[in-house]
Amino acid sequence: QVQLVESGGGLVQAGDSLRLSCAASGLIFSNFHMGWFRQAPGKERELIAFISRIISNTYYADSVKGRFTISRDNAKNTLYLQMNSLKPEDTAVYYCAGTTSRNSPRLGPYDYWGRGTQVTVSS
């Protein structure tokens, strides 16, 4: 069965860094475009970073561009999100998700989701 499992979240101070990981199993990882989403309390889920399946083209939301870096290691079936210069407004549950969509895959639909990892950034 397909599973995506996020890890690496935690409690940090503003300005600190974290690296999130998403371990995939039960699927051919290289067939999936992958994205990182986050959802803060009381807010809508938002896509913050995207990476294509083979070429590894990337996309970043303006809110994280220049601070976050998405990457993947297809040999390890793992997706990463390096988060630098963290701000309190980055506090959210972070989810990884995968899509096989061939038409504007960044827009989804995303077929598989992890259960999320909490990132909390204090002032």
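We now turn to the structure provided with this report.

Rules behind the numbers
- Residues numbered from 1 in each chain as written.
- Predicted model: local features only at pLDDT ≥ 70, side-chain atom pairs only at ≥ 80, totals over all residues.
- Heavy atoms only, no water.
- Helix = DSSP H or I, 4+ residues; strand = E, 2+ residues; numbered from the N terminus.
- Rg over C-alpha atoms; globule rule 2.2 N^0.38 Å.
- Buried < 20%, exposed > 50% of the residue type's maximum accessible area, 1.4 Å probe, protein only.
- Lys, Arg positive; Asp, Glu negative; His and termini not counted.
- Charge placed at Lys NZ, Arg CZ, Asp CG, Glu CD.
- Disulfide = S-S within 2.5 Å.
- Pairing = 2+ DSSP bridges.
- Axes fitted to C-alpha atoms, helices over the stretch in contact; angles between N-to-C directions.
- Phe/Tyr/Trp six-rings, centres within 6.5 Å; stacked < 30°, edge-to-face > 60°.
- Lys NZ or Arg CZ within 6 Å of the ring centre and 35° of its normal.

Let us now look at the overall build of the protein. Along its length, the protein carries 0 helices and 11 strands. From first element to last, N terminus to C terminus, the protein shows the α and β order β-β-β-β-β-β-β-β-β-β-β. On C-alpha atoms alone, the protein measures out to a radius of gyration of 14 Å, which is about the 14 Å that the 2.2 N^0.38 rule sets for 123 residues. Residues classed as buried in the protein amount to 44% of the 123 residues present. With 13 positive and 9 negative side-chain charges, the protein shows a spacing of 6 Å between the two charge centroids.

Per the stated rule, a full pass over the model turns up 1 disulfide. The partner cysteine of C22 in its disulfide is C96, sulfur to sulfur 2.0 Å. Between C22 and C96, the S-S torsion sits near 60°, and that sign places the bridge as right-handed. Pair noted here: C22 is in strand 3 (residues 18-25) and C96 is in strand 9 (residues 92-99), with a separation of 74 residues, a long-range link. Here C22 falls in the buried class, since its relative accessible area comes to 0%. When its relative accessible area of 0% is taken as the criterion, C96 is described as buried.

Right, let's get into unusual backbone geometry. Going from G108 to P109, the amide bond is cis rather than trans, its omega being 0°. Relative to the helices and strands, P109 resides in the loop between strand 9 and strand 10 (112-113). The phi torsion at N77 lies on the positive side, around 55°, for a residue other than glycine. Tracing the chain through its elements places N77 in the loop between strand 7 (68-73) and strand 8 (78-83). Classification of N77 by relative accessible area gives partly exposed; the value is 26%. Even without being a glycine, S85 presents a positive backbone phi close to 50°.

Reading across the sheet, the 4 strands line up as 1-3-8-7 and stay open at both edges, with antiparallel pairing between neighbours. Taken across any chain shown, the strands that pair with only one partner, and hence form the sheet edges, are strand 1 (3-7) and strand 7. The average angle at which neighbouring strand axes cross in this sheet is 15°, direction not considered. Sheet topology places strand 7 next to strand 8; 6 bridges connect them, and they run antiparallel. Along strand 8, the bridge assignment pairs F68 with M83.

Quick look at the packing of aromatic side chains now. Tallied over the full model, the rule gives 4 aromatic pairs. In this structure an aromatic cluster arises from ring pairing among F37, Y110 and W113. One cation-aromatic arrangement involves R106 over Y59; the distance from NZ or CZ to the ring centre is 4.1 Å.

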